[in-house]
Structures are given as structure tokens and as C-alpha cells.
Amino acid sequence: MKYVKDAWYPVVWADRIGRELSRHVVLEQPLVLFRREDGRIVALQDACPHRLAPLSLGKLKGDTVECGYHGMTFDCAGKCVRIPGQEIIPANATVAAYPLEVKYGLVWVWMGDAAAADAAKIFQLDQYGAEGWHAVQGQTLRIECNYLSLCDNLLDPAHVTFVHTTTLGTPAGATVPVNNEYGDDAITVWRWIRGAQAIPLFAKYGKLSGAVDRWHYYNYTTPCFFAIDMGSCVSGTIPDAADRHEGIQMHACHLLTPVDERTVLQHWFHVRNFRIDEHDIDAELTADLDKAFQEDKVILERIQREEERNADYKRIVLGIDAAPRKMRRMVDRLIERESAGADR
Ligand code: FES
Ligand SMILES: [Fe+2]
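Residues numbered from 1 in each chain as written. Chains lettered and ligands numbered in written order. Predicted model: local features only at pLDDT ≥ 70, side-chain atom pairs only at ≥ 80, totals over all residues.

**Q** Describe the environment of W215, naming the residues involved and giving the relevant values.
**A** Structurally, the position occupied by W215 is in strand β14 (residues 212–221). C-alpha of W215 to C-alpha of I276: the two residues are 61 residues apart in sequence and 20 Å apart in space. Setting aside residues up to four positions removed in sequence, W215 forms contacts with W190, W192, M230, G231 and R244. (Helix = DSSP H or I, 4+ residues; strand = E, 2+ residues; numbered from the N terminus. Contact = placed C-beta atoms within 7 Å.)

Shown next, in the form of C-alpha cells:
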């Protein structure tokens, strides 16, 4: 298994789930989602135990799902409650029901042992919903690359100067070294660039002119969740990094869901502390951020194809790769630990 199963993964924006059956794939497992009559959302395994017909091809009847092939019907717990033409329901006529929570407007499912599902383990961003901050739902990008390549990218301030020239970067960053801090299941990669021009995005929305001090903190938690803290202030006005909320600051959260080995969903939203009542800028700001993330998508998908064409290729390791390499070791360790536990 190349995925961490004991984790909450965001599947889809909750407002996309209604009274119809919708199919999603997480860690190569097919799920069918629907909204119950009381408004709660349910996630079941999208495979009828009779012949593996996707239940999403069937019908939602009240709060039960009827298979579209021979009509076996399942309740919200995944238990078969009806088999047309027979009275006795076999005990193994069940589908998995996934623990599910809604947070940040996203539907999260727990893909591991259901008994270990703890909602407190869902990715946490303290500023979301807090006084003085404005949260804006972003989008979902489907990227045809391995999820760890996208994780590499989101732990990599060095690419910003070259890839995001019109949005998130300026040439000034190219030679400023990055700092790495490691926890047990977290990494922060950060740098400050002082006395520089504002990045295009903050020049546009933050109305900053003249020299600024600006920062990027790439905060990673296993297996594939990121809160990227970026901001700026008039140069010299925030000497202590702990005070960066006094500047204009944004947390762009990227919450990844591996679909399979070469497909990942990148769900993202932002939370900001400037122009928080000006909701009319939200759509344009989201579009500008999307433009930047599309720039990553183009490169990552090309890299994926090249890697597949060059099976023996070994990466050259640069100094900027320290954090991505550490991230991959953390994920490997979690996967190894899970498979050791499963063997016991
Ligand atoms: S495949 Fe679902 S009832 Fe036969
Ligand atoms: Fe990027």
C-alpha cells in the first residue's frame, strides 16, 4: 500500500452533495456519497457485495441505496436491508460505511480502521472562523501526478520565483536560503525576504507600495496537508516574526487526497486578515490563486509523464530538497507502521 490509511481525507466540497448518488475515489477505494433526508452526508463503499456493481449506478430511496443490478438495498450503516425475491439476508451482505465529518466546507472521510477515527485528528487551522479572519472557499484541482510530487512542490519555496512570476513570486527570492524545522509529523519550511518589492498578489490586493518585508511559511502535516502562511509588511515594521499577523497575511490551505498513484485532488481555500469585509474581491482573488496553482499543475503533470517514461531515473538531490525528502521519509514510516500493525 502506498498510502497512509489512518487519516482523514477531504473528498469533495459538502455543498456539492445532495439527494443523488455521487461516486468518488480515495486511495483507490470507490465511495458513494449522498445526503440523507435529515441533511447529514453518508459515505459507503461504492461496490455491491453481490457482483461489485457500483452502487452509485443504482437509486437513492429514502435513506437507502438500491443496487442498480438486482436491487439489493443498503442502509446508511452499509447493512443490507432488502434482497428482492428472498427473505434471508446473509450476514456478510454489507458494504463499508466510512466515518465522515464536515469541516472547512469539505467532506472528510476516515480511510483506516473505523474504530480509530477521531474527529480531533482532522487538519486544523486555528484562524479559520476566528475573529479578524475571513475564510474563502477555493476550488479543487485534479492533477494527474502522484500525490507526493505535489507534496514536494508545496514544501518548496524555491520554485515560486520561477513558476509564479505574475502571482506569488518575484526575482528577489531566488538566492534567499530557506529554513527547515521538523516535528514528529510536521515540517515547516520558511524564509523572510526583507526590503524587497511586494509579490504581485499582495501588491494588487494588499495595496502595498515601496519596499516590503515578506514571508512564506510552508506548514506541512502528514500525510498530505498544508497551510501556507504568506504575508507582507512595510519594510522594517515587523522585527519579530511572531508578530506577522500585524502585517497582511494569508493562509492558503492545500488539502490533498490521493485518488490513485498518478492522480491527486488538491482542495484549497484561503483565510486572510486583510480586506475581510470586502467579499467582492473574493472571486477575483480565488481566480488569481487558481492561476498560480494551475502553473504548478502544468509542470507536475509533465514531470509525472517524464518519470513514467524514464523508469530508471534517479533524482539529483539539491539543498532545496531537504524538506521534501524528509516528508517522504515521514510518509514511508507511517505506511510501514500501518502495514506492520496489519501483519500482527
Ligand atoms: S450486483 Fe448488486 S444486487 Fe447484484
Ligand atoms: Fe507553486
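**Q** Give a detailed account of the pairing of strand β13 (residues 186–196), specifying residues and quantitative values.
**A** The pairing of strand β12 (residues 179–182) with β13 spans four bridges and is antiparallel. Paired with E181 across the two strands is T188, which belongs to β13. Linking β12 back to β13 in an antiparallel pair, the connection comprises three residues. Direction of pairing for β13 relative to β14: antiparallel, over a ladder of nine bridges. The residue bridging I193 from the neighbouring strand is R214, located in β14. (Pairing = 2+ DSSP bridges.)

**Q** Quick one: what's the story with unusual backbone geometry, residue by residue and with numbers?
**A** Between T222 and the following residue, P223, the backbone shows a cis peptide bond with an omega angle of -5°. By the element assignment, P223 lies in the loop between β14 and β15 (225–234). Of note, L52 is a non-glycine position whose phi angle comes to about 65°, a positive value. As for its position among the elements, L52 is in the loop between β4 (41–45) and β5 (59–61). Its identity is not glycine, yet K207 carries a phi of approximately 55°, on the positive side. The topology assignment puts K207 in the loop between α3 (200–205) and β14.

**Q** Account for the domain arrangement of the protein, with residues named and values stated.
**A** Each assigned domain of the protein is listed with its residue range as follows: domain 1 (8–119) and domain 2 (125–337). Inter-centroid distance (C-alpha atoms) of domain 1 to domain 2 is 34 Å. At the interface, 11 residues of domain 1 touch nine residues of domain 2. At the level of secondary structure, the elements contributing two or more residues to the side of domain 1 that touches domain 2 comprise β1 (8–13) and β2 (22–26). Top element by residues in the side of domain 1 that touches domain 2 is β1. It accounts for four residues. Its residues assigned to classes, the side of domain 1 that touches domain 2 comprises nine nonpolar, one polar and one charged. (Domains from an automatic or database assignment. Nonpolar A, V, L, I, M, F, W, Y, C, P; charged D, E, K, R; others polar.)

**Q** Before we move on, can you summarise the sheet that holds β5 with the specific residues and values?
**A** Read across the sheet, four strands follow the order β5-β6-β7-β8 without closing on themselves; strand pairing throughout is antiparallel. One side of each edge strand has no neighbouring strand; the edge strands of this open sheet are β5 and β8 (80–82).

**Q** Any details on the sheet that holds β2? Residues and values, ideally.
**A** Taking strand neighbours across the sheet as the criterion, the three strands line up as β2-β3-β4 in an open arrangement whose pairing is antiparallel. Bordering the open sheet on either side are β2 and β4, each of which pairs with just one other strand. Strand-to-strand twist in this sheet, taken as the mean axis angle between neighbours without regard to direction, amounts to 35°. Relative to strand β3 (residues 29–35), β2 runs antiparallel, the two sharing five bridges. Pairing of V25 across the sheet is with P30, part of β3. (Axes fitted to C-alpha atoms, helices over the stretch in contact; angles between N-to-C directions.)

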